[in-house]
Amino acid sequence: MPLVVRFVENTITFPYVRSLGPVTGAFMTALTEKRILGIRNGDGVICPPMEWDPATGAELAHDMVEVGPAGTVESWTWVPEPTTQHPLDRPFAFAFVRLDGATTPMLHAVDAGSPDAMADGLRVAPRWKGERIGHLTDIACFVPGEEPEVDGEDEGPASEPVVLMDYLASITYRNPVPPSSDIVVDASHEHRLVGFQCPGCQKIYIGGRGVCPIDSVEFGEEHLVDLPQKGTLSNHVVITPVQYPGQTETEPFARVFVQLDDVEVVLGYQPVIDLPVEDVKIGVRVEAVWAPPGEDTGDAPSMAGAFGSLLGWRPTGEPDVDDPDLVNRIF
Ligand SMILES: [Zn+2]
């Protein structure tokens, strides 16, 4: 197997805005007013409120009732080493807090300083943020005692009912980088498009793949070959971004497959430059476009297409190639 010498960290974010509906919206709006609402469900009061009875699924009447602000810890666990995704940057407890007047507990952080200060039955009260936006984190955390407090200057309630909430879903993961990937990216900084030619099957691989999948030969500098920087579009896809709230892509864009000249190499999912979406079609002649020095895309070769200093492909102006076989060339 190729020796992995380093890893890169990648983060995929999916920011969108969700609508809150009548029950969660009322709950969030009340949080900006430093009030906590539950919803009546028979003899019980559910907090945080839900639109449906969790036991039967029956829709609940929107009979909201104020609870708390103090409550009682029903159970807890200590978080000795918080990560960036935790609500507090110091050791704290996650606890089920049943607010006074509620019959169900709310999960939240308790800033108790030490696990020795935590106990089932501990009385706690909210520490509100000074700036409240209509989010569960408007309660910074709970603190031991009966009296709510405000962290910093109290900027007051929201001026309008809270009906939407930013939802910033993201995941960060680590990818191994084979040495061959670095070689391809380094060559791109010199505006060279390179591949690795397997001494066994003689096939040429690009994209930083570290090994021939047929012969299991590990690639290194000795297998490097320079590739032509012109080619022909052999396939394409036009992506029309769905305009959900929070979407940052607004216009349709193309990703193309480029069959390089004179070699059996096709680059997939490449960006196009100076080629309008409506002019993208099989047979268009294109050439590589390189970033000026210092304007690296920062990407390793991947399914995302552009990498290193390779920005994408633009039309050469040559006549289109009329070859019905091109459409079969996606690998
Ligand atoms: Zn091979």
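This structure is a prediction, so every number in the text was calculated from the model and none was measured.

**Some thoughts on the coordination of the zinc ion**
(1) Moving on: Surrounding the zinc ion are the protein donor atoms Cys198 (SG), Cys201 (SG), Cys212 (SG) and Asp215 (OD), at 1.9 to 2.3 Å.
(2) Moving on: Because the angles between the four donor atoms bound to the zinc ion fall within 105 to 115 degrees, the donor set is best described as tetrahedral.
(3) Moving on: Residue classification places Cys212 among the buried positions, given a relative accessible area of 1%.
(4) Moving on: Residue class for Asp215 comes out partly exposed when judged on its relative accessible area of 33%.

**Side note on the state of the cysteines**
(1) Moving on: Taken as a whole and assessed by the stated rule, the structure comprises zero disulfides.
(2) Moving on: You can see Cys141 has no disulfide; the closest cysteine sulfur is in Cys47, sitting 16 Å from it.
(3) Moving on: Overall, the relative accessible area of 1% leaves Cys141 in the buried class.

**A closer look at helix 1 (residues 21–32)**
(1) Moving on: Here helix 1 contains 12 residues, and its C-alpha end-to-end distance of 16 Å stays within 8% of the 16 Å for a straight helix at 1.5 Å per residue.
(2) Moving on: All buried positions along helix 1 are accounted for by Val23, Gly25, Phe27, Met28, Thr29, Ala30, Leu31 and Thr32.
(3) Moving on: Packing partners of the buried residues in helix 1 comprise strand 2 (36–41), strand 4 (64–67), strand 7 (106–110), strand 8 (123–129), strand 9 (139–144) and strand 11 (164–177).
(4) Moving on: Lys34 occupies a position one or two residues after helix 1 and carries a positive phi of about 60 degrees.

Parameters at a glance
Residues numbered from 1 in each chain as written. Predicted model: local features only at pLDDT ≥ 70, side-chain atom pairs only at ≥ 80, totals over all residues. Heavy atoms only, no water. Donors = N, O, S within 2.8 Å, 3.2 Å for Na, K, Ca; no water. Tetrahedral: all angles 85-135°; square planar, octahedral: opposite > 155°, others 65-115°. Buried < 20%, exposed > 50% of the residue type's maximum accessible area, 1.4 Å probe, protein only. Disulfide = S-S within 2.5 Å. Helix = DSSP H or I, 4+ residues; strand = E, 2+ residues; numbered from the N terminus. Expected span 1.5 Å × (residues − 1). Contact = heavy atoms within 4.5 Å.

Purely geometric stuff here, so don't read any function into it on its own.
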